Structures are given as C-alpha cells and as structure tokens.
Amino acid sequence: MTDFTAAFAAAKAHARALYPQEMCGFVVDGAFVPVENRAPDTHVEGEECACKRCAFAVSAEDTLRYIDKAQLFLHSHPDGPLFP
C-alpha cells in the first residue's frame with residue numbers, strides 16, 4: 001500500500017498558496033504534481049459558476065501527460081464543502 005502522506009501535504013500547501021482559487025493536480029509515483037487550473041478567472045455571483053474559485057479545468061495536454069501513470073487526482077474545495 002502506498003503512503004500518500006507527503007503527496008497530501010504538498011497538495012494542501014499548494015491549495016493554501018492558490019487560495020481562494022481551486023487547485024488541482026495528479027499524484028504520480030507517490031508525489032503530488034500540480035497542474036494549472038484552466039478554468040476562467042471571472043467569478044459570477046448567484047449562478048452556477050465555473051471560475052477558478054468555484055471549479056477546475058485541466059488541459060488535455062496535462063491529462064494526457066499524467067493519466068496513464070496517475071495514482072490519484074486531487075483538487076481543492078475552497079471555502080467548502082469538505083466532501084466530494
């Protein structure tokens with residue numbers, strides 16, 4: 001069983017650095033690999049918003065680069081909820 005403790009710690013640090021934007025990344029060989037959130041910058045109040053504060057979008061290039069060797073995909077939920 002793989003120990004993801006270091007990867008989770010790195011992902012949390014990355015999420016804190018990007019707050020209030022949502023972060024995303026892959027875990028490859030037990031290490032967190034951040035990728036750019038390609039969601040739009042513009043936040044829309046009171047609607048289903050897909051901006052970097054409310055959502056994430058991963059480029060096709062990043063997905064293709066990591067998907068075959070990824071153990072996990074992680075992203076944050078800035079300001080909640082604490083569950084998927």
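Structure: see above.
Scoring rules and cut-offs
As a convention, each chain's residues are numbered from 1 in the sequence order in which they are written. Where totals are concerned, whole chains, interfaces and linings use all residues; where local detail is concerned, this predicted model gives features only for residues with pLDDT of at least 70, and gives and counts side-chain atom pairs only at 80 or more. Excluding hydrogens and water, the side-chain figures rest on all heavy atoms present in the structure. In this scheme, strands are said to pair when DSSP sees at least two bridges between them. Helix and strand definitions follow DSSP, with helices as H or I runs of at least four residues and strands as E runs of at least two, each counted in order from the N terminus. Helix axes are fitted only over the stretch in contact, all axes being lines through C-alpha atoms; the angle between N-to-C directions runs from 0 to 180 degrees. Note on contacts: a residue pair qualifies if any of its non-hydrogen atoms lie within 4.5 Å across the two residues. Burial classes follow relative accessibility: with a 1.4 Å probe on protein chains only, a residue under 20% of its type's maximum area counts as buried, one over 50% as exposed, and anything between as partly exposed. Here is the rule: rings of Phe, Tyr and Trp (six-membered ring for Trp) pair when centre to centre is within 6.5 Å. Planes less than 30 degrees apart are stacked, more than 60 are edge-to-face, and the remainder are tilted.

## Observations regarding the sheet that holds strand β3 (residues 70-75)
Read from one edge to the other, the open sheet built from three strands follows the order β2-β1-β3, with strand pairing classed as antiparallel. Across the chains shown, the open sheet's two edge strands, defined by having one partner strand only, are β2 (31-35) and β3. Going from strand to strand, the sheet's axes swing by 25° on average, the running direction of each strand aside. Pairing of strand β1 (residues 24-28) with β2 involves five bridges; the strand directions are antiparallel. In the sheet register, F26 faces β2, and the bridge partner there is V33. Packed onto the sheet, helix α1 (residues 5-18) meets β1, β2 and β3 and runs at close to 30° relative to β2.

## Looking at unusual backbone geometry
It is generally the case that most residues other than glycine have a negative phi and that most peptide bonds are trans. Y19 connects to P20 through a cis peptide bond whose omega is 15°. Within the chain, D29 stands out as a residue other than glycine whose phi angle is a positive 55°. You can call D29 exposed: its relative accessible area is 72%. A positive phi is found at D79, a non-glycine position, where the angle reads about 65°. Position of D79 relative to the elements: it lies in the segment after β3.

## Side note on the packing of aromatic side chains
Under the defined criterion, the tally for this structure stands at four aromatic pairs. For the pair F26 and Y66, a centre-to-centre distance of 5.5 Å together with 35° between the ring planes defines the contact as tilted. With F26 in strand β1 and Y66 in helix α2 (residues 60-66), the pair connects residues that are 40 residues apart, well separated along the chain. Here F26 and Y66 have matching classes, each one buried.

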